[in-house]
Amino acid sequence: MSELLKSIDARTKLAGTNKLEILLFFLGEDHRTKRRETYGINVFKVREVMRTPTITAAPEMPPSVEGMVSLRGALVPVIDLAKYSGISAGNSREIMIVTEYNGHTQGFLVEGVDTILRLDWSKMRVPPEMLTAQTGGLVTAVTELEDGRLVMMMDVEKVLSETTAIDNEVMFRNVVPLERTDATVYYCDDSSVARRQIERTLEAMGIKGVSALNGLRMWEEMEKMATYAKAQGQPASKFISLVLTDIEMPEMDGYILTKKIKSDPRFSGIPVIMHSSLSGMSNQKLGLSVGVDEYVPKFEPQRLSETLTRRLGVAGESA
């Protein structure tokens, strides 16, 4: 199984090309539909795939958290994705996908893995609203394979947030309001959890926000505002103070969005902040290479607010 994840450096080169590689996996037969669906996770977030080791149960854990394992001296929480997703718990969980993002390492129990698939982000579609509502935003994108199967991308940030109580009031206590009522931040993220955290941070700071589900939708919003600004005889920067973008998004990723913004004179002077759980130095360097002004990891509202304060300043000052 380790062969699946070789040549991570080669995969890093995909960034900035609007391409990605996803690891396909199965959770077993869904007792509700009697189907064995295919799911996916971005390879960037996968550290290794292994046989499920002995798990030590811990008291008072959420139902889907099986316990913890020791991996090379580090204690790693283990989450049963099938239980979390409401799929029959009777399926075997012989494989563990070890993921690492935003400074957190965790193991996801799955029935099995298939292969690694390379495709364009443009091939990843936003799921229908009915599916999003039914899964609570757990599925962030869907793509169709050549054999007709649909692959559903899971929002692992949502899983992490809800199984570790990472989204709590303590995170927002030290967010300081910004004395600038004219600032408007445009932000995009395919994760409902991430969008809500950005929204709460902006609310605590007293900043207006315009949100989008992905880079393509954000680009469309920005073009509309650029057209309006031109009609008003004003630069777009008068109405868009800053752009905050995720990296992984269906249809158009954050790298391509940043390239488009930075190469378009209509958006001159608008800073672009990359806000992602892909916190490795390679991803940060790639962001800088396409023109990103700064990088801020997710799930850290105070750091995000400090960055926004520094970049936006106060009314009347240059950002």
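Procedures and definitions
Residues numbered from 1 in each chain as written. Predicted model: local features only at pLDDT ≥ 70, side-chain atom pairs only at ≥ 80, totals over all residues. Heavy atoms only, no water. Helix = DSSP H or I, 4+ residues; strand = E, 2+ residues; numbered from the N terminus. Buried < 20%, exposed > 50% of the residue type's maximum accessible area, 1.4 Å probe, protein only. Contact = heavy atoms within 4.5 Å. Areas by Shrake-Rupley, 256 points an atom, 1.4 Å probe, with all protein chains shown as cover. pLDDT = per-residue confidence, 0-100. Pairing = 2+ DSSP bridges. Axes fitted to C-alpha atoms, helices over the stretch in contact; angles between N-to-C directions. 1 Å grid on protein atoms, 1.4 Å probe; cavity = no way out; pocket = protein on both sides within 12 Å on 5 of 7 lines; lining within 4 Å. Points joined across faces, edges and corners; volume = space filled by probe spheres on them. Nonpolar A, V, L, I, M, F, W, Y, C, P; charged D, E, K, R; others polar. Phe/Tyr/Trp six-rings, centres within 6.5 Å; stacked < 30°, edge-to-face > 60°. Salt bridge = Lys/Arg side-chain N within 4 Å of Asp/Glu carboxyl O. Parallel < 35°, antiparallel > 145°, perpendicular 65-115°, else oblique. Left-handed = near helix turned anticlockwise from the far one by under 90°. Expected span 1.5 Å × (residues − 1). Arc of directions from axis to C-beta.

Peer 1: Is there a simple way to think about the overall build of the chain in this case?
Peer 2: Check the secondary structure of the chain and you find nine helices and 15 strands. In the chain, which comprises 319 residues, the proportion classed as buried is 53%. At a minimum sequence separation of 6, the contacts of the chain that also span at least 24 residues come to 65%. Only carbon and sulfur atoms are counted for the fraction: they give 50% of the accessible area of the chain, which is about 14700 Å².

Peer 1: Where do I start with the confidence of the model for the chain in this structure?
Peer 2: Interpreting fine coordinate detail is not advised for predicted regions of low pLDDT. The pLDDT averaged across the chain works out to 83; a share of 83% of its residues lies at or above 70. Low pLDDT, under 50, characterises residues 315-319; the predicted model gives this stretch five contacts beyond four residues in sequence or across chains.

Peer 1: Would you mind going over the sheet that holds strand β13 (residues 242-245) with me for this structure?
Peer 2: Two pairing modes exist for strands in a sheet, parallel and antiparallel, and in both the strands are linked by backbone hydrogen bonds. Strands sit in the order β12-β11-β13-β14-β15 across an open sheet of five strands; the sheet is parallel. Where the open sheet ends on each side, the last strands, each with one partner, are β12 (208-212) and β15 (294-297). Taking each pair of neighbouring strands and ignoring which way they run, the sheet shows an average axis angle of 25°. In terms of strand pairing, strand β14 (residues 272-276) meets β15 through four bridges, oriented parallel. For Met274, the partnering residue across the bridge sits in β15 and is Tyr295.

Peer 1: Would you explain empty space enclosed by the protein in this entry?
Peer 2: If a probe the size of a water molecule is rolled over the atoms, the empty space left behind becomes visible. This structure, assessed with the given rule, holds four cavities of 30 Å³ or more. When its volume is computed, the largest cavity comes out at roughly 140 Å³. Taken together, 16 residues form the lining of the largest cavity, with Lys45, Thr140, Met154, Asp190 and Glu248 sitting closest to its centre. Classifying every residue of the lining of the largest cavity gives six nonpolar, three polar and seven charged.

Peer 1: Teacher, can you tell me more about the packing of aromatic side chains here?
Peer 2: The geometry of an aromatic ring pair comes down to the distance between the two centres and the angle between the two planes. The final tally for this structure, using the stated rule, is three aromatic pairs. Taken together, a centroid distance of 5.9 Å and an interplanar angle of 25° make the contact between Phe25 and Tyr39 stacked. On the criterion of sequence distance, the pair formed by Phe25 in strand β1 (residues 19-29) and Tyr39 in strand β2 (residues 36-42) is long-range, its members being 14 residues apart. Given the relative accessible area of 8%, Tyr39 is considered buried. An angle of 70° between the planes, with centres 5.5 Å apart, marks the rings of Trp219 and Phe267 as edge-to-face.

Peer 1: Explain the pattern of salt bridges here, please?
Peer 2: Opposite charge on two side chains lets them pair, provided their charged atoms get close. Under the definition given, this model contains 23 salt bridges. Close ionic contact of Arg51 with Glu94 constitutes a salt bridge, the shortest N to O distance being 3.7 Å. Of this pair, Arg51 sits in strand β3 (residues 46-51) while Glu94 sits in the loop between α2 (81-85) and β6 (95-101), placing them 43 residues apart in sequence. When its relative accessible area of 54% is taken as the criterion, Arg51 is described as exposed. With a shortest N-O distance of 2.9 Å, Asp147 and Arg149 are connected by a salt bridge. Note on Asp147: relative accessible area 53%, which makes it exposed. Through salt bridges that share partners, Arg47, Glu48, Arg72 and Glu100 make up one connected network.

Peer 1: Would you mind showing me how to read the packing of helix α6 (residues 215-231) against helix α7 (residues 254-262) here?
Peer 2: Between α6 and α7, the least distance of the axes is 9 Å, while the angle of their chain directions is 20°. Judged on the interaxial angle alone, α7 and α6 are roughly parallel. The handedness of the crossing between α6 and α7 is right-handed. Residues Gly215, Met218, Trp219 and Met222 of α6 form the contact with α7, whose own contacting residues are Leu257, Lys260 and Ile261. Across the contact of α6 with α7, the residue classes break down as five nonpolar, one polar and one charged.

Peer 1: I tried to follow the environment of Val142 on my own but got confused; where do I start?
Peer 2: Its place among the elements puts Val142 in strand β9 (residues 139-144). Separated by ten residues in sequence, Val142 and Met152 have C-alpha atoms that sit 4.7 Å apart.

Peer 1: Where do I start with helix α5 (residues 192-205) in this structure?
Peer 2: Residue pairs spaced three or four apart in an α-helix point in one direction, given the helix's 3.6 residues per turn. Under the 1.5 Å per step criterion, the end-to-end length of α5 is 20 Å for 14 residues, consistent within 8% with the ideal 20 Å. Val193, Ala194, Arg195, Gln197, Ile198, Arg200, Thr201, Leu202 and Met205 are the residues of α5 that are buried. Immediately beyond the C-terminal end of α5, within one or two residues, lies Gly206, with a positive phi of roughly 75°.

Peer 1: Quick question: what am I supposed to make of helix α9 (residues 301-312) here?
Peer 2: The terminal C-alpha atoms of α9, which comprises twelve residues, lie 16 Å apart, in line with the 16 Å expected from a rise of 1.5 Å per residue. All of the buried residues in α9 are Pro301, Leu304, Ser305, Thr307, Leu308, Arg311 and Leu312. All buried residues of α9 lie within an arc of 160° about the axis, which places them on one face of the element. Directly beyond the C-terminal end of α9, a positive phi value near 65° is found at Gly313.

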